[in-house]
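Spelled out, the chains give:
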Amino acid sequence: MTWLLPRLLMALVAALLGFVIGAAVRSASGADGLGLAVGVVSGVLLMMLVDAVRGSRLLGWLRGNQFENAPRDTGLWGEVGYRIERAVRDRDRAVARSRLELEQFLSAIEASPNGVLMLDLQEQIVWCNRVAADHFALDPQRDLRQRITNLVRAPAFVAYLQAGRYAEPLVLGNSRGPGTLSIVVREYGEGMRLVLSLDITERLRAEGMRRDFVANVSHEIRTPLTVLSGFIETMHSLPLTSVERDRVLVLMNQQTQRMQTLVADLLTLAQLEGSPRPGPDRWVALDALLLRVAADAEALSAGRHPLHLKPVTGVELAGVESELLSAIANLVTNAVRYTPDGGEVGVVWRLLEDGSGELAVVDTGPGIAREHIPRLTERFYRVDGSRSRETGGTGLGLSIVKHVMQRHGGELMIQSEVGKGSRFRLLFPSARVRQVSDSALGDEAAFGAAAVPGH
Ligand code: ADP
């Protein structure tokens, strides 16, 4: 009530002034009534004049943009101005806060990995994030207020949107490329719709790969199982001589071993995928690995190939011994298995200038046609299926090598030319290579691999 006292004071001043004017009029005119009337009117007019001036100042401020403070009058008008100004400032703050919250909300949706598109009652685009714009080939600015069905004309999408049954998502080819989208629509507000899109290309590819993998494993296991059950049937129903029996048992043993190798390779792959990357602090002597690989390769070759497998590198590699052994052994046994009798197989180590290292397994075998090379590390991919199976291959060897190298921060590089031979290179990063003693490097020129591509 701070305004009341000034108001009363002003009324008192107006009354006094009215009284003075009334008294002056009465003494001039001698009429009591006229003096009273003029005095009252003058007092009231004075009050009205003051109110009109202050009121119009406040109105002027209200009509403007209200950036400045309201007129600081005393009394009632000052109080009214102050209260209005406070309400206006509170409203401005609330609007700014809501705007900020809306911006934060929209930028959160903008950051979503899903496409988000808001449609109004007429299917016009109210807002969309960049992912949705990308999925539906829209321009987030230019296409606002456009009907979505004029811009995305895929019949399946139009029918889905208009049917109004959104319980199941729609799977749609991406209008921009070969990808696939999963689209979900949710209704909200009064007739508004939210269209959510998700790129499921990668998921479908992974599912396809998993299906292929299971089908391949089943096929690989079914074949030896069928052979085994055939032999069991034979032994059961036919009287075999002991020589025949021994032969059947040898064949049965071969099939069992084939399944065992397959299961071992599958377990190796599963282990490689499921375990953490090996740290760079466990050092393994490369020469010791090469000695073990050479012994296995000599047994496998049984003198059919000249082997050059013992370069003295004096190098240590950081990683998991069993994995490194498996990678090198896979390459060397492949070289022996696929190189015809008389062809040469060798291993060459090279320390590169930047400190990284390269172990190359080289052969003078049949080589591999260019179109197969990028696919060799796929699981169960074989160029020559029958040769692979005959020699005990599972189709998983190079896939294991690639995994091992990735886990060790390295790479598997394949160079090959039909009729000339192949070179499989394992590249190790410098952080995983250290020279601990003198090396007597394998001399590549010392064997016939000089003809191998990549020289
Ligand atoms: P597999 O168990 O069949 O040998 P891998 O994954 O080790 O499976 O190899 C995939 C395919 O690559 C093989 O089936 C074979 O056709 C081809 N291959 C691998 N190494 C060689 C090589 N040294 N010379 C020729 N072909 C090879």
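Computed from a prediction, not measured in an experiment: that's the story for all the values here.

(A) Local environment of the domain arrangement of the protein. Considered domain by domain, the protein is made up of domain 1 (4-89), domain 2 (112-199), domain 3 (206-274) and domain 4 (283-451). Domain 2 and domain 3 are separated by 51 Å when their C-alpha centres are compared.

(B) Summary view of helix H6 (residues 155-163). Every buried residue of H6 is accounted for by Phe157, Val158, Tyr160 and Leu161. Buried residues of H6, viewed axially, fall in a sector of 165°; they line one side. Packed against the buried residues of H6 are strand S1 (115-119), helix H5 (148-151), strand S3 (170-173), strand S4 (180-188) and strand S5 (192-199).

(C) Seen up close, the site of the ligand. By nearness alone, 20 residues border the ligand, and Asn334, Tyr338, Ser388, Gly395 and Leu398 come closest of all. Take Ser388: an N or O atom from its side chain is 2.5 Å from an oxygen atom of the ligand. The backbone of Thr394 places a nitrogen or oxygen atom 2.8 Å from an oxygen atom of the ligand. Burial of the ligand by the protein amounts to 98% of the accessible area it has alone, namely 530 Å². Counting only elements with at least two residues in the shell around the ligand, the list comes to helix H10 (321-338), helix H12 (397-407) and strand S12 (421-428). In terms of residue count, the dominant contributor to the shell around the ligand is H10 (four residues). Here the shell around the ligand is composed, by residue class, of nine nonpolar, seven polar and four charged.

(D) Representation of the nonpolar core within the structure. Of all hydrophobic cores here, the largest spans 45 residues; its most connected members are Ile328, Leu359, Leu426 and Phe428. The element that contributes the greatest number of residues to this core is H10, accounting for eight residues. Here this core spans two domains, since at least three of its residues come from each of domain 3 (206-274) and domain 4 (283-451). Once residues within four sequence positions are removed from consideration, Leu426 is found in contact with Ile328, Leu331, Gly357, Glu358, Leu359, Val401, Met405, Glu411 and Leu412. Counting 20 residues, the second-largest nonpolar core is a separate cluster that includes Ile125, Ala132, Tyr160 and Leu161.

(E) Molecular detail of unusual backbone geometry. Its identity as a non-glycine residue notwithstanding, Gln66 has a phi of 60°, on the positive side. Here Gln66 shows up in the loop between helix H2 (32-63) and helix H3 (75-110). Although it is not a glycine, Phe380 sits at a positive phi angle of roughly 70°. One can find Phe380 in the loop between strand S10 (357-363) and helix H11 (385-390).

(F) Spatial organisation of the sheet that holds strand S6 (residues 283-285). Pairing is antiparallel across the open sheet formed by three strands, whose spatial order is S6-S8-S13. A single partner strand is all that each edge strand has here, and the edge strands are S6 and strand S13 (433-435). The sheet shows a mean angle of 30° between the axes of neighbouring strands, taken without regard to direction. The sheet contact formed by S6 and strand S8 (residues 315-318) spans three bridges and is antiparallel. When the bridges of S8 are listed, Ala285 appears paired with Glu316. Contacting S6 and S8, helix H9 (residues 286-301) runs over the sheet at an angle of about 50° to S6.

(G) View of the sheet that holds strand S11 (residues 411-417). Ordered by their spatial adjacency, five strands build an open sheet running S7-S9-S10-S12-S11, and the pairing between neighbours is mixed. Since the sheet does not close on itself, it has two edges, and those belong to strand S7 (307-308) and S11, each with one partner. Across seven bridges, strand S9 (residues 345-351) lies against S10 in antiparallel orientation. Bridge assignment links Leu351 to a residue of S10, and that residue is Gly357. Packing of H10 onto the sheet brings it into contact with S7, S9, S10, S11 and S12, and relative to S10 it is tilted by some 25°.

(H) The pattern of salt bridges, seen in detail. Considering all chains together, one arrives at 26 salt bridges under this definition. Its salt-bridge partner being Arg93, residue Asp90 comes within 2.9 Å of it at the nearest N-O pair. In this pair, Asp90 and Arg93 are both assigned in helix H3, three residues apart and thus about one turn of the helix distant. Overall, Asp90 belongs to the partly exposed group, its relative accessible area being 41%. Linking Glu207 and Arg203 is a salt bridge whose minimum nitrogen-to-oxygen distance equals 3.8 Å. Here Glu207 and its partner Arg203 are both found in helix H7 (residues 201-237), four residues apart, which amounts to about one turn of the helix. On the accessibility criterion, Glu207 (29% relative accessible area) is partly exposed. The partly exposed category is assigned to Arg203, whose relative accessible area is 47%. Put simply, Arg72, Glu85 and Arg89 are held in one network by salt bridges that share partners.

Cut-offs and rules
Residues numbered from 1 in each chain as written. Predicted model: local features only at pLDDT ≥ 70, side-chain atom pairs only at ≥ 80, totals over all residues. Heavy atoms only, no water. Domains from an automatic or database assignment. Buried < 20%, exposed > 50% of the residue type's maximum accessible area, 1.4 Å probe, protein only. Helix = DSSP H or I, 4+ residues; strand = E, 2+ residues; numbered from the N terminus. Arc of directions from axis to C-beta. Contact = heavy atoms within 4.5 Å. Near = heavy atom within 4 Å. Polar contact = N/O pair within 3.5 Å; in protein donor to acceptor, adjacent residues only side chain to side chain. Areas by Shrake-Rupley, 256 points an atom, 1.4 Å probe, with all protein chains shown as cover. Nonpolar A, V, L, I, M, F, W, Y, C, P; charged D, E, K, R; others polar. Core = buried A, V, L, I, M, F, W, Y, C linked by side-chain atoms within 4.5 Å. Pairing = 2+ DSSP bridges. Axes fitted to C-alpha atoms, helices over the stretch in contact; angles between N-to-C directions. Salt bridge = Lys/Arg side-chain N within 4 Å of Asp/Glu carboxyl O.

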